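Coordinate analysis (summary)
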Amino acid sequence: MILIFSISKDPPTNNVVAWLKYAGANVFRFNFDETPDAELKINYTKNNVFFETSDRKFSLDDVTAVWYRKGSYYPKMFPSSPSFEGQEELNTLIEDRLILEEKRAGEYLQFLIKKRNIRILGNATLGDPNKFILMWEAVRIGLEVPAFNISNSLLEVHKKNPEKFITKAISDCIYLWDLEDAKRAYFSYTEDLQDILKISDVENVIPLSVIQSKIKKDFELRVFYLDGVFIAGAILSQNDPQTATDHRKYNIDYPNRVMPFVLPQEIREKLQKLFDNLELNTGSVDIIVGLDGKFYFLEVNPVGMYAPLSNTCNYRIDEAISAWLQGQDHNEYIKTISDDTRSN
């Protein structure tokens, strides 16, 4: 039995599940964004958890592998909380307590999974790491990172030379598809500070913001890591004004070229040490390669999107993850390239 925690519309999860079913694997999937199955029964004991639906029954003893892909990594059990008319404070308190009950049970489930001798892909406690703590860890092991400030006011150097800086969110960017009500999609990106100052009157005090040195970029790297194997794609975003600061501002008419790239051995070794320190066996890494030849680490996303990298560079990542979860050799599914084909 392979246990997967995710959300319903995550393409990588859907693809991996398709490969697992094609291989005849026994899969059970919890989608945190869906209303819980009314038939689902869960029974926790001191060293096991038992699951039962209308057509399936199993326990943790039957589980051979777990994939922490997305969501909150535990079954959602409370579809709604009781409501008492005219007592909103009580209603809010009860709803919060039920969510906490569910969370504590989920933490116990994760604890029991970790104590078992089974394959675990991902880390249940590192779903959304702080990017600046990760940058601190990266510096500690010898990786380069861009200089930055987190501040609620612009420094004089920012005001005098805004063209030398970019600004971005401290946490995750805004990412919202509001297709039912507003029929719009909302996104926030990394922006040039000088462009922000042109359209906004920035006073002495501003919302807490990240202002980061703008790296003179040769190209960007998206790196995917799977249990000892790094594969990378070079994103040639710099020559298009639309994507030069943030390649996620996709140019649909003229997409950025993405090509396979072999990381230098020194960078691979440092990234491996970072993943080991994080106790993480998969994730996506964003790197900028500067015109100065340096590799600037930006962040690790434990549940990062790898589909564009896989599809464009012809890496078989979905199949590799499927193989890993089944206890098979995942290396043969990930196409590699030799050092003499490295892109520059």
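One structure accompanies this document, and this report is about it.

Our focus in this paragraph is the environment of Ile288. Structurally, Ile288 is set in strand 17 (residues 282-290). Spatially, the C-alpha atoms of Ile288 and Val145 are 9.2 Å apart, while their sequence positions differ by 143 residues. Excluding anything up to four places from it in sequence, Ile288 contacts Ile215, Lys217, Phe219, Glu220, Lys294, Phe295, Tyr296 and Leu298.

Here we take up the pattern of salt bridges. Counted by the stated rule, this structure contains 11 salt bridges. With a closest N to O distance of 3.7 Å, Asp10 and Lys70 form a salt bridge. Placement of Asp10 in the loop between strand 1 (2-6) and helix 1 (11-22) and of Lys70 in the loop between strand 6 (65-68) and helix 2 (88-114) is noted, with a sequence separation of 60 residues between them. In this structure, a network of salt bridges that share partners links the residues Asp10, Arg69 and Lys70.

The contact between helix 1 and helix 8 (residues 317-325) brings their axes to 9 Å, and the two run at 60°. For the element pair helix 1 / helix 8, the angle class is oblique. The two elements helix 1 and helix 8 cross, and the hand of that crossing is right-handed. Residues Pro12, Asn15, Val16, Trp19 and Leu20 of helix 1 touch helix 8, and the partners they reach there are Asp318, Glu319, Ile321, Ser322 and Leu325.

With 31 residues, the main nonpolar core has Leu221, Leu263, Leu271 and Phe297 as its most contacted residues. Elements represented by at least two residues in this core include exactly helix 3 (131-140), strand 14 (217-226), strand 15 (229-236), strand 16 (257-261), helix 6 (265-278), strand 17 and strand 18 (295-301). The dominant element in this core, judged by the number of residues it contributes, is helix 6, at 5 residues. The contact partners of Leu221, leaving out residues within four places of it in the chain, are Gly233, Ala234, Phe261, Leu263, Val285, Asp286, Ile287, Val289 and Phe295. Within the second largest apolar cluster, 23 residues are counted, among which are Ile4, Leu20, Ala65 and Tyr315.

Moving on, we come to the sheet that holds strand 8 (residues 148-151). Within the open sheet, the 4 strands sit side by side as 8-13-9-12. Their pairing is antiparallel. Two strands close off the open sheet at either side, each with one partner strand: strand 8 and strand 12 (191-192). For strand 9 (residues 165-168) and strand 13 (residues 209-213), the ladder comprises 4 bridges, and the chain directions are antiparallel. Considered in strand 13, the bridge of Ile166 is made with Gln212.

Taken in spatial order, the 4 strands line up as 2-1-6-7 in an open sheet, and their pairing is parallel. Whereas interior strands pair on both sides, the edge strands pair on one side only; in this sheet they are strand 2 (27-31) and strand 7 (119-121). Within the sheet, the average angular offset between the axes of one strand and its neighbour, ignoring direction, is 10°. Its contacts with the sheet place helix 1 against strand 1, strand 2 and strand 6, and it is angled at close to 165° to strand 1.

What follows covers the packing of aromatic side chains. One pass over the full model with this rule turns up 17 aromatic pairs. Their ring planes at 45° and their centres at 5.7 Å tell us that Phe30 and Phe51 sit as a pair that is tilted. On the criterion of sequence distance, the pair formed by Phe30 in strand 2 and Phe51 in strand 4 (residues 49-52) is long-range, its members being 21 residues apart. Accessibility assignment for this pair places Phe30 and Phe51 in one class, buried. Seen in terms of ring centroids, Phe51 and Phe58 are 4.9 Å apart; in terms of plane orientation they differ by 20°. Their pairing is stacked. We note that Phe51, like Phe58, is buried. Clustering of aromatic rings is evident, with ring pairs tying together Phe5, Phe28, Phe30, Phe51, Phe58, Tyr68 and Tyr73. The ring of Trp324 carries the charged tip of Arg119 above its face, separated from the ring centre by 4.1 Å.

A separate point is the pairing of strand 18. Counting buried positions along strand 18 yields 5 of 7 residues, so the element is predominantly enclosed. Bridge analysis of strand 17 against strand 18 gives 6 bridges, and the strand direction is antiparallel. Looking across to strand 18, one finds that Ile288 is bridged to Tyr296. The antiparallel hairpin formed by strand 17 and strand 18 contains 4 residues in its connecting segment, where Gly293 sits at a positive phi of about 85°.

Rules used in this analysis
Residues numbered from 1 in each chain as written. Predicted model: local features only at pLDDT ≥ 70, side-chain atom pairs only at ≥ 80, totals over all residues. Heavy atoms only, no water. Helix = DSSP H or I, 4+ residues; strand = E, 2+ residues; numbered from the N terminus. Contact = heavy atoms within 4.5 Å. Salt bridge = Lys/Arg side-chain N within 4 Å of Asp/Glu carboxyl O. Axes fitted to C-alpha atoms, helices over the stretch in contact; angles between N-to-C directions. Parallel < 35°, antiparallel > 145°, perpendicular 65-115°, else oblique. Left-handed = near helix turned anticlockwise from the far one by under 90°. Core = buried A, V, L, I, M, F, W, Y, C linked by side-chain atoms within 4.5 Å. Buried < 20%, exposed > 50% of the residue type's maximum accessible area, 1.4 Å probe, protein only. Pairing = 2+ DSSP bridges. Phe/Tyr/Trp six-rings, centres within 6.5 Å; stacked < 30°, edge-to-face > 60°. Lys NZ or Arg CZ within 6 Å of the ring centre and 35° of its normal.

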